[in-house]
Amino acid sequence: MGEVLALVEARLRTALGEPDARAAVTFLGTDRIEVLRFVDAGAGLVRYATLGMSAAPMADPAAVLADPVKGPRAELVLTVRLGRADTDKVLRPLAVLAATPQVEGVIVAPGASLDLGEPLWPGAPFSSVLVAESGGLVEDLDLNEAMSRSDSAGGGGRAAGAAMDPVRFLPLLPMTPNEAAWKRVHGAQALEERWLAKGTDLRDPLRGSVALD
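Here the structure is a predicted model, which is why all the values come from computation and not from measurement. (Residues numbered from 1 in each chain as written. Predicted model: local features only at pLDDT ≥ 70, side-chain atom pairs only at ≥ 80, totals over all residues. Heavy atoms only, no water.)

Draft legend 1. How the structure looks around the packing of helix H5 (residues 177–186) against helix H6 (residues 188–197). Where H5 contacts H6, the two axes come as close as 7 Å, and the packing angle between them is 130°. The orientation of H5 relative to H6 falls into the category oblique. For the pair H5 and H6, the contacting residues are Glu 179, Trp 182, Lys 183 and His 186 in the first and Ala 188, Ala 190, Leu 191, Arg 194 and Trp 195 in the second. (Axes fitted to C-alpha atoms, helices over the stretch in contact; angles between N-to-C directions. Helix = DSSP H or I, 4+ residues; strand = E, 2+ residues; numbered from the N terminus. Parallel < 35°, antiparallel > 145°, perpendicular 65-115°, else oblique. Contact = heavy atoms within 4.5 Å.)

Draft legend 2. Structural context of the environment of Asp 115. Mapped onto the elements of the fold, Asp 115 is located in strand S5 (residues 113–115). Under the relative-accessibility criterion, Asp 115 is labelled exposed at 57%. Once residues within four sequence positions are removed from consideration, Asp 115 is found in contact with Ser 127 and Ser 128. A polar contact of 2.9 Å, which involves the side chain of Asp 115, links it to the backbone nitrogen of Gly 117. (Buried < 20%, exposed > 50% of the residue type's maximum accessible area, 1.4 Å probe, protein only. Polar contact = N/O pair within 3.5 Å; in protein donor to acceptor, adjacent residues only side chain to side chain.)

Draft legend 3. Expanded view of the environment of Glu 75. Structurally, Glu 75 is set in strand S4 (residues 73–81). Through-space distance from the C-alpha of Glu 75 to that of His 186 is 26 Å; in sequence the pair is 111 residues apart. If we skip the residues at most four places from it in the chain, Glu 75 touches Leu 5, Val 8, Thr 50, Leu 51, Gly 52, Met 53, Ser 54, Val 167, Arg 168, Phe 169 and Leu 170.

Draft legend 4. Here's a closer look at helix H1 (residues 2–16). Across its 15 residues, H1 extends 21 Å between first and last C-alpha, which sits within 8% of the 21 Å expected from 1.5 Å per residue. Three or more residues of H1 are buried, namely Val 4, Leu 5, Leu 7, Val 8, Glu 9, Arg 11, Leu 12 and Leu 16. In the stretch just after H1, Gly 17 is the one whose phi turns positive, near 95°. (Expected span 1.5 Å × (residues − 1).)

Draft legend 5. Highlighting the sheet that holds strand S6 (residues 128–131). Read from one edge to the other, the open sheet built from seven strands follows the order S1-S2-S3-S4-S7-S6-S5, with strand pairing classed as mixed. Every other strand in the sheet has two partners, leaving strand S1 (21–25) and S5 as the edge strands with one partner each. Strand after strand, the sheet turns through a mean of 25° between neighbouring axes, direction not considered. Sheet analysis places S1 next to strand S2 (residues 33–40), joined by five bridges and oriented antiparallel. (Pairing = 2+ DSSP bridges.)

What follows is the structure in structure tokens.
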């Protein structure tokens, strides 16, 4: 687990730079989840990335026994405009979302909705997020290749074993309650198309709901 998370953090640093803050949250019966903050002052953005969700593969809720090696792995990334709201309070809610696979036994994948039941941060118009496709901001991490390189650099040799799924860094798109309800009826793709058609700034922490009529 430690080696996986070290590789994940290295990928985050390569893509986003050095984090300027981090917080750790532990929930009863779950492994520790960290949330790292990356500030891009030039772009006027702040990014929050979880670290710990990918330590173990997400298990198929229909499986009798969870496979300790094979299965999808992911971390969550949220990007918002800097200084427009008290978004640093999102650290614990993000950790809650990252612990969902352990707590509820679900697989978090693109197109899914994650609902907190409370604002993402104080005064936020969002209490849920849409999980978007990975591969944009932070490239997927091939664990088998990365671990092989690590072993070669260290002069060691890893015994052959089951191949691990890559770690995917899934962007989170905050949804207003109206948008979340509309998405449940029409689907994730339709909502994303509506956002695009209306020129919605999904990074604006104060934005209102897109027109859904």
